[in-house]
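Overview (structure and organization)
Here is what each chain is made of, one letter per residue.
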Amino acid sequence: GIHTDVVGPLPRSLHGYRYFITFIADRSRFIVVKSMRTKSEAISHFRYFVKKIERQNDVKAKRICCILKNSALIQAIFLEYGLLINRAQRRSFLL
């Protein structure tokens, strides 16, 4: 499975980024964090991550666990990849 979350909007960075998306692959624990100027970039980052994980591990992604509230993004992921979608609860971590 894949765990993902979009964070933002944040104050604009020097390069214009206001969001970031995280991905964690269950099997390999491979982690990727990508900066984004808009939330709409999330689907292209997701496509890239899935292809990379599937190529590296020679397996098909089957499930995604996300906190994403954007139903259009979730629908696109489901329709394109046929993944089972588990909605996660947002948690607070003390550092």
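Look up: the structure comes first, before these words.
This one's a predicted model, so the numbers in the text were calculated from it and none came from an experiment. (Residues numbered from 1 in each chain as written. Predicted model: local features only at pLDDT ≥ 70, side-chain atom pairs only at ≥ 80, totals over all residues. Heavy atoms only, no water.)

**Considering the overall build of the protein**
Note the following rule: Secondary structure is summarised from DSSP: a helix means a run of H or I of at least four residues, a strand means a run of E of at least two, and numbering begins at the N terminus for each. For every residue, the accessible area (1.4 Å probe, protein chains only) is compared with the maximum for its type, and the residue is labelled buried under 20%, exposed over 50%, or partly exposed between those bounds. Here, Shrake-Rupley sampling with a 1.4 Å probe gives the accessible areas, and only protein chains in the shown set may cover a residue.
When helices and strands are tallied, the protein shows two helices and five strands. In the protein, the order of α-helices and β-strands from amino to carboxyl end is β-β-β-α-β-α-β. Looking at the protein as a whole, 29% of its 95 residues are labelled buried. Only carbon and sulfur atoms are counted for the fraction: they give 54% of the accessible area of the protein, which is about 6800 Å².

**Regarding the nonpolar core**
Counted only if it meets this: We call a set of buried residues a nonpolar core when its members are Ala, Val, Leu, Ile, Met, Phe, Trp, Tyr or Cys and they connect through side-chain atoms within 4.5 Å of each other. In what follows, residue pairs with any heavy atoms lying within 4.5 Å of each other are defined as contacts.
Formed by 18 residues in total, the largest nonpolar core has its most connected members in F23, F46 and F49. Put simply, the parts of the chain that give this core at least two residues each are β1 (2–7), β2 (19–25), β3 (31–36), α1 (42–57) and β4 (63–66). The dominant element in this core, judged by the number of residues it contributes, is α1, at six residues. Excluding residues within four positions of it along the chain, F49 makes contact with I2, F23, I24, A25, F30 and V32.

**Focus: the pattern of salt bridges**
Operational definition: A pair is scored as a salt bridge if a Lys or Arg side-chain nitrogen falls within 4 Å of a carboxyl oxygen belonging to Asp or Glu.
Per the counting criterion, the structure on display carries one salt bridge. The salt bridge involving E54 is made with K60; its shortest N-O contact spans 4.0 Å. Judged by its relative accessible area of 18%, E54 falls in the buried class. Overall, the relative accessible area of 62% leaves K60 in the exposed class.

**Brief notes about the side chain of T4**
To keep it simple, the criterion reads: Pairs of N or O atoms are called polar contacts if they sit within 3.5 Å, as long as, within protein, a hydrogen donor faces a hydrogen acceptor (for residues adjacent in sequence, only side-chain-to-side-chain pairs).
Turning to its location among the elements, T4 is positioned in strand β1. Among the polar contacts made by the side chain of T4, one reaches the main-chain carbonyl oxygen of T22 at a distance of 2.8 Å.

**Some thoughts on the pairing of β1**
Keep this limit in mind: Pairing between strands is defined by DSSP: at least two bridges between them are needed.
Where β1 lies against β2, six bridges are found, and the strand directions are antiparallel. Residue pairing for β2: I2 is matched across the bridge by A25. The pairing of β1 with β4 spans three bridges and is classified as parallel. What sits directly across from H3, in β4, is C65.

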